Amino acid sequence: MEKVLVFGHKNPDTDTICSAIAYAELKKNLGLDAEPVRLGEVNSETQYALNYFKAEAPRLVENVGNEVQSVILVDHNERQQSADGLENVKIKEVIDHHRVANFETSDPLYFRVEPVGCTATILNKLYKENKVEIKKEIAGLMLSAIISDSLLFKSPTCTDEDVQAARELAEIAGVDAESYGLEMLKAGANVSDKTAEQLVSLDSKEFSMNENKVQIAQVNVVDPQDVLSRQSELEEVMNQQINDNGLDLFLLVITDILNNDSVGLAVGEKTTAVEKAFNVTLLNKTAELKGVVSRKKQVVPVLTEAFNSL
């Protein structure tokens, strides 16, 4: 039987890792030889969830074209966010909750993208549709993904479907979503042991906006000053990324998980797009982004619109 790799985007977050594990488990139950893998390092928040539910992190894969002939994508569809070697394999399925961009295939595929807050919410439906029982540890990982993507149900991306799925999964996992979720988010918000390189790369995605290359990274913290105190280090790393990858803009979104606000740190030739998008003035390359917590819903759309009108 042909093996299929299941993976999310580069610089994986909790939804990427946990959804890859959960969907590979479902596909195995349906008779497919599916293996979850990852395209980058596991962050502290995700590791907390893996440890709590006694699950192993998927193995790291550098180039999927050297491994298999077919793959399944979860939690992304844009090619610049995906695996090296993707052009040499067949994409069998995509399960995602983001915008669709820079994506085409030569063959038909199962493509499921829904406007919900988390990929794991869609997976919860797929388990039900296929009449497969969700194991306790898998339910815990799926719950962790929803809590992460929704910032414990406070993000504007969070829908009633996400909340309902989380309730169901918490019951299966045998945990209280609120108390477990807060501890998981706090684990991810501890940045004291992170290098500047890690802070700008652990949750970072590249986007194409009106022919501009834009990198948007996000880091969740309890106190934004823990990150801003290292601004000179961060700028050095971000500028190096701009030079190495030909970026027009690098925006680091530093999100306060307790107050549900963010601070943006922007470098590059097109920082005026940030000012236009959020109606702010950058001072020392930073600006407060009041009420902004979601890259998907509150950053990417307004930045895209700003670039389209520049």
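Residues numbered from 1 in each chain as written. Predicted model: local features only at pLDDT ≥ 70, side-chain atom pairs only at ≥ 80, totals over all residues. Heavy atoms only, no water.

A. Layout of the sheet that holds strand S11 (residues 286–289). Across the sheet, which stays open at both edges, the five strands sit in the order S7-S8-S9-S10-S11 with mixed pairing between neighbours. Strands at the two margins of the open sheet, each flanked by one partner only, are strand S7 (204–209) and S11. On average, each strand axis in the sheet is tilted by 25° relative to the strand beside it, whichever way the strands run. The strands that helix H9 (residues 231–245) touches are strand S8 (212–221), strand S9 (249–256), strand S10 (261–267) and S11; relative to S10, the one it contacts most, it runs at about 55°. Together, S7, S8 and S9 form the strand contacts of helix H11 (residues 295–309), whose direction differs from that of S8 by roughly 155°. (Pairing = 2+ DSSP bridges. Helix = DSSP H or I, 4+ residues; strand = E, 2+ residues; numbered from the N terminus. Axes fitted to C-alpha atoms, helices over the stretch in contact; angles between N-to-C directions. Contact = heavy atoms within 4.5 Å.)

B. Broad picture of H11. Here H11 spans 20 Å end to end across 15 residues, near enough to the 21 Å set by a 1.5 Å rise per residue. All of the buried residues along H11 are Arg295, Gln298, Val299, Val300, Leu303, Thr304, Ala306 and Phe307. Looking at the buried side of H11, the elements it contacts are S7, S8, S9 and helix H10 (272–278). Among the residues of H11, the N-terminal cap falls to Ser294, whose side-chain oxygen and the backbone nitrogen of Lys296 are separated by 3.4 Å. (Expected span 1.5 Å × (residues − 1). Buried < 20%, exposed > 50% of the residue type's maximum accessible area, 1.4 Å probe, protein only. Polar contact = N/O pair within 3.5 Å; in protein donor to acceptor, adjacent residues only side chain to side chain.)

C. Expanded view of helix H4 (residues 136–150). Relative to the 21 Å expected for 15 residues at 1.5 Å per residue, H4 spans 21 Å between its end C-alpha atoms, a close match to the ideal helical length. With 13 of 15 residues buried, H4 is to be regarded as a mostly interior element. Where H4 terminates, the next one or two residues include Leu151, which has phi positive at roughly 50°.

D. Examining unusual backbone geometry more closely. In this structure, Lys131 is a non-glycine residue whose phi angle is positive, near 55°. Residues other than glycine seldom take positive phi values, yet Glu211 does so here, at roughly 70°. For Glu211, a relative accessible area of 78% corresponds to the exposed category.

E. Quick look at the nonpolar core. Judged by nonpolar contacts, the single largest core of 49 residues is most densely connected at Val6, Tyr23, Met142, Leu143 and Tyr180. Of all the secondary-structure elements, those providing two or more residues to this core are strand S1 (3–7), helix H1 (14–29), helix H2 (44–52), strand S4 (70–74), helix H3 (119–129), H4, helix H5 (160–173) and helix H6 (177–189). What Tyr180 contacts, discounting residues up to four positions off in sequence, is Tyr48, Ala49, Tyr52, Phe53, Leu143, Ser144, Ile147 and Val175. Counting 21 residues, the second largest nonpolar core, distinct from the first, contains Leu249, Phe278, Leu282 and Phe307. (Core = buried A, V, L, I, M, F, W, Y, C linked by side-chain atoms within 4.5 Å.)

F. Broad picture of the sheet that holds strand S6 (residues 110–113). One open sheet holds the six strands; their spatial order is S3-S2-S1-S4-S5-S6, and the pairing between them is parallel. Whereas interior strands pair on both sides, the edge strands pair on one side only; in this sheet they are strand S3 (59–60) and S6. As judged from the four bridges shared by strand S5 (residues 90–96) and S6, these two strands associate in the parallel manner. Across the sheet, Asp96 pairs through a bridge with Val113, a residue of S6. Relative to the sheet, H1 contacts S1, strand S2 (33–38), S4 and S5, its axis offset from that of S2 by approximately 175°.

G. Structural detail: the environment of Gly65. Along the polypeptide, Gly65 turns up in the loop between S3 and S4. Distance in space between the C-alpha atoms of Gly65 and Leu86 is 6.3 Å, their sequence separation being 21 residues. Sequence-distant contacts of Gly65, that is, excluding residues within four places in its chain, are made with Asp84, Gly85, Asn88 and Val89.

H. Region of the structure containing the environment of Ala83. Structurally, the position occupied by Ala83 is in the loop between S4 and S5. Separated by 88 residues in the primary sequence, Ala83 and Glu171 place their C-alpha atoms 34 Å from one another. Contacts of Ala83, omitting those with residues within four sequence positions, involve Phe7, Lys10, Leu39 and Val64.

I. View of the side chain of Asp162. Tracing the backbone through its elements, the reader meets Asp162 in helix H5. For the buried Asp162, which has no salt bridge, the nearest side chain bearing the opposite charge is Lys296, at an N-O separation of 7.1 Å. Looking at Asp162, its side chain comes within polar contact range of the side chain of Thr159, at 2.7 Å. (Lys, Arg positive; Asp, Glu negative; His and termini not counted. Salt bridge = Lys/Arg side-chain N within 4 Å of Asp/Glu carboxyl O.)

So yeah, pure geometry; function would need other evidence.
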